[in-house]
Protein chains: 2
Amino acid sequence: MTQLTPDAEPPLRRGRGRRPAGQVRAEILNAAGNLLLAEGMTGFTIEKVAAHAGASRMTIYKWWPSKGALALDGYFTVVAPALAFPDTGDIVADLTSQLVSFVHLLTDTSAGRVVSQLIAQSQTDPDLATAFRERYSGPRRAISVEALNKAVARGQLRADIDPESVIDQLWGACYHRLLIPDQPLTEEFVVTLVDNLIRGLR
Amino acid sequence: MTQLTPDAEPPLRRGRGRRPAGQVRAEILNAAGNLLLAEGMTGFTIEKVAAHAGASRMTIYKWWPSKGALALDGYFTVVAPALAFPDTGDIVADLTSQLVSFVHLLTDTSAGRVVSQLIAQSQTDPDLATAFRERYSGPRRAISVEALNKAVARGQLRADIDPESVIDQLWGACYHRLLIPDQPLTEEFVVTLVDNLIRGLR
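Residues numbered from 1 in each chain as written. Chains lettered and ligands numbered in written order. Predicted model: local features only at pLDDT ≥ 70, side-chain atom pairs only at ≥ 80, totals over all residues. Heavy atoms only, no water.

A. The overall build of chain A, seen in detail. A count of helical and extended segments in chain A gives nine helices and zero strands. Its helices and strands taken in sequence order, chain A reads α-α-α-α-α-α-α-α-α from the N to the C terminus. Expressed along its principal axes, the backbone C-alpha trace of chain A runs to roughly 65 × 35 × 30 Å. Buried residues in chain A amount to 52% of all 202 residues. Sequence-distant contacts in chain A: of pairs separated by 6 or more residues, those separated by 24 or more amount to 64%. In the form shown here, chain A has an accessible surface area of approximately 8,700 Å², with 54% of it arising from carbon and sulfur atoms. Looking at chain A, you have 21 positive and 22 negative side-chain charges, and the mean spots of the two groups are 7 Å apart. (Helix = DSSP H or I, 4+ residues; strand = E, 2+ residues; numbered from the N terminus. Buried < 20%, exposed > 50% of the residue type's maximum accessible area, 1.4 Å probe, protein only. Contact = heavy atoms within 4.5 Å. Areas by Shrake-Rupley, 256 points an atom, 1.4 Å probe, with all protein chains shown as cover. Lys, Arg positive; Asp, Glu negative; His and termini not counted. Charge placed at Lys NZ, Arg CZ, Asp CG, Glu CD.)

B. Structural view of the environment of A:Ser137. Residue position: A:Ser137 is located in helix 7 (residues 126–153). Taking the relative accessible area as the measure of exposure, A:Ser137 reaches 9% and is therefore buried. Sequence separation of A:Ser137 and A:Glu39 is 98 residues, and the distance between their C-alpha atoms is 21 Å. When residues no more than four places from it in sequence are discounted, the contact partners of A:Ser137 are A:Phe132, B:Ile180 and B:Asp182.

C. Examining helix 1 (residues 21–39) of chain A more closely. Residues and elements named next belong to chain A. With 19 residues, helix 1 should cover 27 Å at 1.5 Å per step; its first-to-last C-alpha distance of 27 Å lies within 8% of that length. Within the sequence span of helix 1, burial applies to Val24, Ile28, Leu29, Ala31, Ala32, Gly33, Leu35, Leu36 and Leu37. Where the residues of helix 1 are buried, they touch helix 2 (46–53), helix 3 (57–63), helix 4 (67–79) and helix 6 (111–122). Glycine 40, located one to two residues past helix 1, shows a positive phi value of around 70°. (Expected span 1.5 Å × (residues − 1).)

D. Summary view of the domain arrangement of chain A. Residue and element names in this part refer to chain A. Each assigned domain of chain A is listed with its residue range as follows: domain 1 (21–77) and domain 2 (80–199). Between the C-alpha centres of domain 1 and domain 2 the distance comes to 25 Å. Summing the contributions of domain 1 and of domain 2, the shared interface buries around 1,400 Å²; its carbon and sulfur component is 68%. For domain 1, the biggest contributors to the area lost against domain 2 are Leu72, Tyr75 and Phe76; these three give 50% of the whole. Inspection of the region where domain 1 meets domain 2 yields three residue pairs in polar contact (both at pLDDT 80 or more). (Domains from an automatic or database assignment. Buried area = accessible area lost by both parts, 1.4 Å probe. Polar contact = N/O pair within 3.5 Å; in protein donor to acceptor, adjacent residues only side chain to side chain.)

E. Structural context of the interface of chain B and chain A. Tallying the contact residues gives 45 residues for chain B and 45 residues for chain A. Surface buried jointly by chain B and chain A totals about 4,200 Å² across both partners, of which 55% is contributed by carbon and sulfur atoms. Taken as a group, B:Arg158, B:Leu201 and B:Arg202 account for 18% of the area that chain B buries against chain A, more than any other trio of residues on that side. Remark: the boundary between chain B and chain A carries 24 residue pairs in polar contact (both at pLDDT 80 or more).

F. Representation of the nonpolar core in the model. By size, the foremost hydrophobic cluster in this structure holds 134 residues, and its most contacted members are A:Tyr75 and B:Tyr75. In contact with B:Tyr75, not counting residues within four places along its chain, are B:Gly33, B:Leu36, B:Leu37, B:Leu105, B:Ala111, B:Val114, B:Val115 and B:Tyr136. (Core = buried A, V, L, I, M, F, W, Y, C linked by side-chain atoms within 4.5 Å.)

G. Representation of the layout of surface pockets within the structure. Of the voids in this model, the largest pocket is the one considered here, and its volume is about 180 Å³. Considering the residues around the largest pocket, the lining is formed by A:Thr42, A:Gln117, A:Ala120, A:Gln121, A:Thr124, B:Gln117, B:Ala120, B:Gln121 and B:Thr124. Among the elements of the structure, helix 6 of chain A together with helix 6 (111–122) of chain B are those that each provide at least two residues to the lining of the largest pocket. Of the residues that constitute the lining of the largest pocket, the class distribution is two nonpolar, seven polar and no charged. (1 Å grid on protein atoms, 1.4 Å probe; cavity = no way out; pocket = protein on both sides within 12 Å on 5 of 7 lines; lining within 4 Å. Points joined across faces, edges and corners; volume = space filled by probe spheres on them. Nonpolar A, V, L, I, M, F, W, Y, C, P; charged D, E, K, R; others polar.)

H. Spotlight on the packing of helix 1 of chain A against helix 6 of chain A. Residue and element names in this part refer to chain A. The interhelical angle for the contact between helix 1 and helix 6, taken along N-to-C directions, is 95°, at an axis separation of 8 Å. Relative to helix 6, the element helix 1 lies roughly perpendicular. On helix 6, the residues touching Leu36, Leu37 and Ala38 of helix 1 are Ala111, Arg113, Val114 and Leu118. Grouping the amino acids of the contact of helix 1 with helix 6 by side-chain chemistry returns six nonpolar, no polar and one charged. (Axes fitted to C-alpha atoms, helices over the stretch in contact; angles between N-to-C directions. Parallel < 35°, antiparallel > 145°, perpendicular 65-115°, else oblique.)

I. Broad picture of helix 9 (residues 187–199) of chain A. Residue and element names in this part refer to chain A. Between its first and last C-alpha atoms helix 9 spans 18 Å; for 13 residues at 1.5 Å apiece the expected length is 18 Å, and the two agree. Among the residues making up helix 9, those that are buried are Phe189, Val190, Thr192, Leu193, Val194, Asn196, Leu197 and Ile198. Following helix 9 by one or two positions, glycine 200 adopts a phi angle in the positive range, close to 85°.

Below you can see the structure in the form of structure tokens.
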């Protein structure tokens, strides 16, 4: 166990020297995200994150108001590279590519189990629900809305679309299959989701 | 409290006589669904359902393998009238009407809280997850698939659509807003969902 200190600043660590605050913050976020993916919310504690990041609990509490807030910021940080939104100028290709990566993250890594348990726990834990929306789903929505708005500006989508509803019909449809697995969550499925919406069913 | 009996058959009840099995079954399902809506899964017990329905626990166990199975069959029974699928011959009108009723059920009654907690609990309770899929979401999917296939047969939707994916993009999109309420679950939202899919975004 790394020793936890009651100091407001992270301790001087032998052989490393004092790290800049930005680096400490980044290491805490990575430690939090990786701990969450490894152990789920059940095994997630501020103490373990502090130990893995070589930071003090006081530092963590200075930056994050709760365990849930830290967990969600950490989750956003570690999944962000896998969920990067390509911008090739072709909205159909970009949506499909991003959704395929999203589905692989959910089905090939522990992220699917972890996020489904975060959503589950959010139904009875209002603080976790707020952290989920403010630190994960809200910011992820904003990224997708921006990509859709760019496609509107390029004339690839109608000017009168409601981007928020499109998010529920693409990523929301995937969460639906993750949480209620009546039907499989596959690459073929996301290709169909995009095709249904772009071409229309008529 | 109604007296519980260990008999395999429901007791003769003063003034009512022995009820036909079909009636007993219907009364158990209604009692189960109403108890679930009133108290959620936390307050749901076989004992209470037996008492409300005036049936024995043995009768219930003869027909349902678990508490979850009874709860989900009861839920399906009591919400079915509100979720009836109209068949006017106009798929856009029928989908919109059914989805508006679905959203009102979720937002104006306790069904929204109850179903979100059932989905939540299913993430860590495999038996409940199976009961949910086999006794609620699977049968509800079948009803919607049938309505979509009829619309294909009438030439209102393309012959090559995948009805299962449409379900995720309509009802799944609503569950997404129920479970992760970044954006409101309204009549306007479902009208937009149907319009996005039918017309397409391009």
